[in-house]
Amino acid sequence: MAFVKAGRADVITRPCPPTKRALAWHSMDPRPLPRPNALTAPYWEACRRGELTVQRCRSCGRRVHLPEPVCPHCGGTDLPYEAVSGHGRVHTFSVVHRAFLPGFAIPYVIAWIDLEEGVRAFGGIVGDIAPDDVRIGLPVRVRFDDLPGFGHIPNWRPA
Amino acid sequence: MQGFSGKAAVAGVGMTDLSRHSGRTELQLAVEAARHAIDEAGQRPDAILGYHLGDSAPVIHVARELRIELGWHNEIYGGGTQCASILGDAAMLIDAGLARTVLVYRALNGRSGRRMNTLSLKLGEGVEEQFTHPYGLAGPVQQFALAAQRYLHHTGLTEEHLCAVVRGSRTHAVANPRALRREVEDYWASPMVASPLRRADCCQETDGACALVITSADRAPAAPRVHAVVRGGGPGASAMDRTDDVTRIFSSHVAGPLFAAAGMTPADVDVALLYDAYSWLVPRQLEDFGLCARADLAATLHDGLATVNPHGGLLSEGYVHGLNNVAEAVRQLRGDGVNQVPGAEVALCTGFGGSYGSAAILVRPGTGR
Ligand SMILES: [Zn+2]
């Protein structure tokens, strides 16, 4: 369904952790799904194409993320989404040992990522790293994982 | 100096037992705490203010139970940010002549009823949740764990120092019969909730109520006065997507205005009731309020602070959304606090809600402050 946009990001299916939910049908994955609205729909559509995009203000040229209807820097209202490199560093993180939402296998890592382009993105730290080895400053790269019932969402893996 | 400075006094405080399962309604809890506070004050309220997150007893029900002929009354939607600034709301009503005596309360079944742990702290229109919920970020503990991790990174503090904060809190609470956590447990055995925060680093959701009776200073000449109150906030931990410093909390925004309004400096503070919903908020506020320089934090936390949350704070006494810390500030200024700070004349109390919040200075009358 999704495909790799060459040189941009790797798209792989999410390896199911060894929990009972690995046995569940995809449609029964209890994790919350993103609920796109008019503002954010283009972002999630790009994710489905394996592309990470953030808004860029036509008036002042600055990037804006998380999405805003109005530029917080200049008040501009034309903020189209543009592709970004998908490279960044961990700004801060937490290894979660007690989940307050259904469907998450503990421990898992959540993080704010400083993107090369100067905005901050959120996501999980996944891939070939133990949760306790995650550090502030760790170079990471976007990875799209399938969230059953929704499509691809960006996560972060060690670069 | 603020117009209401010195015009209003906290004439009485009241609390219910704090527990994990009150078995009572929020209304019953509110009324019991209010009766204690009214008895202590010896003044009948003609106005009531409460704050809540949709989880408390309505003001008019409290008035009916207490047979108060209600004048000015209001319910403020909010949590920890309100606990200090509501003193200002009450003082303004009194100074303006809109009320003689104001009952302030917070009541909640925070453990057995509606719990905080998944409460959304979203700002704006909720766009943020679709970017965080799918990754398993929900609720204040995880959000403020992210800030705490960065704070440790910034300051060079470690989990050893968080341990020292918790140990200090528990050590104080041993002498506090109201406290829910009165034993100095093995910090390192406490389960991690969201690194670097263990269960022991987080205040405990609590059932209970706290009430204050605030009246004009001339009606309660010996009671602690509301000297200065500020409320504000800005960039920081409440919007981590677009702030230079995700570790910034309310205190870095309100500390300067508070001391300016009070005509005081940090050296004037005798006892500090800091909103310690999480252990790391203590060093962060010590820095922001000028009570300890960053370079001295490690040694200061290790040695313990007799003048900070002497009753054990929210971490150990319990969590009545900060109002129980304000009640202890009042007791400390009257001289009947837990681990009483000798001769305390000036108390700081604070209300946290991420990078928004409030702070107040109370003073003992007759000391020339
Ligand atoms: Zn702009």
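Residues numbered from 1 in each chain as written. Chains lettered and ligands numbered in written order. Predicted model: local features only at pLDDT ≥ 70, side-chain atom pairs only at ≥ 80, totals over all residues.

As annotated in an unreviewed UniProt entry, chain B is Lipid-transfer protein from Actinoallomurus spadix.

The name an unreviewed UniProt entry assigns to chain A is OB-fold domain-containing protein, from the organism Actinoallomurus spadix.

This paragraph deals with the overall build of chain B. Check the secondary structure of chain B and you find 11 helices and 11 strands. In summary, chain B has a C-alpha radius of gyration of 19 Å against a globular reference of 21 Å for 369 residues, a match within 12%. Oriented by its inertia axes, the alpha-carbon framework of chain B measures out at about 50 × 40 × 40 Å. (Helix = DSSP H or I, 4+ residues; strand = E, 2+ residues; numbered from the N terminus. Rg over C-alpha atoms; globule rule 2.2 N^0.38 Å.)

On to the interface of chain B and chain A. On the side of chain A, 34 residues touch chain B, which itself brings 29 residues to the contact. Counting only elements with at least two residues in the side of chain B that touches chain A, the list comes to helix H4 (129-132), helix H5 (140-155) and strand E5 (192-194) of chain B. Of the residues forming the side of chain B that touches chain A, the biggest block, six residues, is contributed by H5 of chain B. Residues belonging to the side of chain B that touches chain A are distributed by class as follows: 14 nonpolar, 11 polar and four charged. (Contact = placed C-beta atoms within 7 Å. Nonpolar A, V, L, I, M, F, W, Y, C, P; charged D, E, K, R; others polar.)

Residue Ile 106 of chain A is joined to Pro 107 of chain A through a cis peptide bond whose omega torsion reads -5 degrees. Along the chain, Pro 107 of chain A turns up in the loop between strand E5 (87-96) and strand E6 (108-115). For the bond running from Ser 195 of chain B to Pro 196 of chain B, omega is 5 degrees, close enough to zero to count as cis. Mapped onto the fold, Pro 196 of chain B is located in the loop between E5 and strand E6 (197-198). At Asn 309 of chain B, a residue that is not glycine, the phi angle is positive and equals roughly 45 degrees. With respect to the helices and strands, the residue Asn 309 of chain B is situated in the loop between helix H9 (297-303) and helix H10 (313-316). A residue is classified by how many C-beta atoms lie within 10 Å of it, and Asn 309 of chain B, with 28 of them, is buried. Its identity as a non-glycine residue notwithstanding, Asn 339 of chain B has a phi of 50 degrees, on the positive side. Mapping Asn 339 of chain B onto the fold places it in the loop between helix H11 (323-334) and strand E10 (346-353). (Buried ≥ 20, exposed ≤ 12 C-beta atoms within 10 Å, placed from the backbone.)

A separate point is the confidence of the model for chain B. The pLDDT averaged across chain B works out to 95; a share of 97% of its residues lies at or above 70. Note on the complex model: pTM 0.92, ipTM 0.94. (pLDDT = per-residue confidence, 0-100.)

Residues and elements named next belong to chain B. Topologically, Thr 307 is positioned in the loop between H9 and H10. For Thr 307, a count of 17 C-beta atoms within 10 Å puts it in the partly exposed group. Distance from Thr 307 to Ala 272, taken between C-alpha atoms, is 6.3 Å for residues 35 residues apart in sequence. In this structure Thr 307 touches Asp 270, Val 271, Ala 272 and Val 341, once residues within four positions along its chain are discounted.

The subject of this paragraph is the packing of helix H7 (residues 250-262) of chain B against helix H8 (residues 281-288) of chain B. All names here are of chain B. Two elements in contact, H7 and H8, have axes whose closest approach is 9 Å; the angle formed by their N-to-C orientations is 30 degrees. Looking at the two axes, H7 sits roughly parallel to H8. Here H7 runs over H8; the crossing is right-handed. Contacts between H7 and H8 pair Ser 251, Ser 252 and Ala 255 from the former with Arg 284, Gln 285 and Asp 288 from the latter. By residue class, the composition of the contact of H7 with H8 is one nonpolar, three polar and two charged. (Axes fitted to C-alpha atoms, helices over the stretch in contact; angles between N-to-C directions. Parallel < 35°, antiparallel > 145°, perpendicular 65-115°, else oblique. Left-handed = near helix turned anticlockwise from the far one by under 90°.)

Moving on, we come to the UniProt feature "domain: ChsH2 C-terminal OB-fold" (unreviewed entry) in chain A. Under the feature "domain: ChsH2 C-terminal OB-fold" (unreviewed entry), the UniProt entry names residues 82-145 of chain A. Across residues 82-145 of chain A, the secondary structure splits into 0% helix and 52% strand, with the terminal C-alpha atoms separated by 20 Å. (UniProt positions renumbered as here; feature names shortened; annotations may be inferred.)

Ranked by internal contacts, the top residues of the largest apolar core, which has 162 residues, are Ala 33, Ala 90, Tyr 105, Ile 214, Val 326 and Leu 362 of chain B. Ignoring sequence-local partners within four residues, the contact set of Ala 33 of chain B consists of Gly 14, Met 15, Thr 16, Tyr 105, Ala 107, Ala 209, Cys 210 and Ala 211 of chain B. (Core = buried A, V, L, I, M, F, W, Y, C linked by C-beta atoms within 7 Å.)

Next up on the list: the pairing of strand E11 (residues 356-363) of chain B. All names here are of chain B. Across the eight residues of E11, eight count as buried, placing the element largely inside the fold. Covered by surrounding structure in E11 are Tyr 356, Ser 358, Ala 360 and Leu 362 together with Gly 357, Ala 359, Ile 361 and Val 363, the residues of both alternating faces. Here strand E8 (residues 225-233) runs beside E11; their pairing, made up of eight bridges, is antiparallel. Paired with Val 230 across the two strands is Ala 359, which belongs to E11. Here eight bridges tie E10 to E11, and the two strands are oriented antiparallel to one another. Bridge assignment links Val 346 to a residue of E11, and that residue is Val 363. (Pairing = 2+ DSSP bridges.)

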